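# Structure assessment
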Amino acid sequence: KLKIYLSLITVLVLLTFLLINFIFFFKTNFRVLHAGGIYKDEIYTNSLVALDKNKKGFTYLELDFQMTTDKKLVCLHNLKNNLSYDDFLKDNIIKNVKSCDYISLSNWLIKNPNKIIITDVKSKNNLEALEFIKNNFKNYNKVFIPQIYNPENYDSVKKLGYEKIIWTLYRYGENNIEKIINIIKKNKYFAITLSPERARSGLSKKIRKETDTNVLVHTINFRKDMVKLVFLYDVTDVYTDRILFDVNNIFSWFFKKKVISD
């Protein structure tokens, strides 16, 4: 009997270990590095040094873009009106962490051919930025996945030659779940991007069940939040600024107070 008990205990310990390992290290191929990832405690740097630091383990890297007044693409999160390309370069010189632009990003992609950039265009004219990418990046339709903010732009973006498209809902004001589902059914999206609130509203489960489309949630920086979204709300994966199985994430799991800020 003792041998049987010891065997059962051993099996239970192993199963518990495997479960904990699965929870802490669960990751799909769809996890997205948000805005280049955290670098020296800064987020939204949209910098090449941040990409280099955080790229391991990620295929999909999201960056913020905007068009300058002279129609050049730069990597910035906070929209700056009347910004010329020369202004961007001057501002970049004095930055501790320099943002990328279309030239530096193009060179980086040549050196990192297995990485895919997801766009988040902060300028009003998303199509203008996507056309610029088409005209200035090699294999643009392979290395870029554009996010669109209005589903009416789906056909226009397809005509530009992009193979995969993400519809992100953070600028979409309509909350009618059935209407959103019907729009998704009309087109083939690579993924739908939601806020955590929208995912918890039941939208994520309904999208996955009725359209078989990936659902990504932004921006999640703590593993316990990611686990809840994936296992309770049927989210595919998340956008994140940081690795989700570091020491801070493990400690923060057991304490209400987060040991590091988002």
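Refer to the structure presented above.
Heads up: these notes are all about the structure in this document. (Residues numbered from 1 in each chain as written. Predicted model: local features only at pLDDT ≥ 70, side-chain atom pairs only at ≥ 80, totals over all residues. Heavy atoms only, no water.)

For a regular strand, the rule is simple: side chains alternate between the two faces of the sheet. Judged by which residues are buried, strand β8 (residues 191–194) turns out to be covered on both faces: A191 and T193 on one side and I192 and L194 on the other are all buried. The β-α-β motif built from strand β7 (residues 166–168), the intervening helix α8 (residues 177–186) and the parallel element β8 has right-handed crossover chirality. Direction of pairing for β8 relative to strand β9 (residues 214–217): parallel, over a ladder of four bridges. Residue pairing in the sheet places T193 in a bridge with L216 of β9. Considered for its hand, the β-α-β crossover made up of β8, helix α9 (residues 196–211) and β9 is right-handed. (Buried < 20%, exposed > 50% of the residue type's maximum accessible area, 1.4 Å probe, protein only. Helix = DSSP H or I, 4+ residues; strand = E, 2+ residues; numbered from the N terminus. Right-handed = clockwise from strand over helix to strand, strands pointing away. Pairing = 2+ DSSP bridges.)

Counted under the stated rule, the structure contains twelve aromatic pairs. Look at Y140 and Y162: their rings are 5.1 Å apart centre to centre, the planes differ by 85°, and that puts the pair in the edge-to-face class. Remark: Y162 occurs in the loop between α7 (154–159) and β7 and Y140 occurs in helix α6 (residues 140–143); sequence separation between them is 22 residues. With respect to burial, Y140 and Y162 carry one shared label: buried. A ring pair is formed by Y149 and Y170, whose centres lie 5.8 Å apart and whose planes are at 75°; its orientation type is edge-to-face. (Phe/Tyr/Trp six-rings, centres within 6.5 Å; stacked < 30°, edge-to-face > 60°.)

On to unusual backbone geometry, then. Although it is not a glycine, K71 sits at a positive phi angle of roughly 65°. Relative to the helices and strands, K71 is located in the loop between β2 (60–67) and β3 (73–74). In this structure, N82 takes a positive phi of about 60° despite not being glycine. Looking at the element boundaries, N82 is found in the loop between β3 and α3 (85–93).

Take the side chain of N54 next. When you line up the elements, N54 lands in helix α2 (residues 48–54). Using a relative accessible area of 6% as the deciding quantity, one classes N54 as buried. A polar contact of 3.1 Å, which involves the side chain of N54, links it to the backbone oxygen of G36. In contact with N54, not counting residues within four places along its chain, are L33, G36, G37 and I38. (Polar contact = N/O pair within 3.5 Å; in protein donor to acceptor, adjacent residues only side chain to side chain. Contact = heavy atoms within 4.5 Å.)

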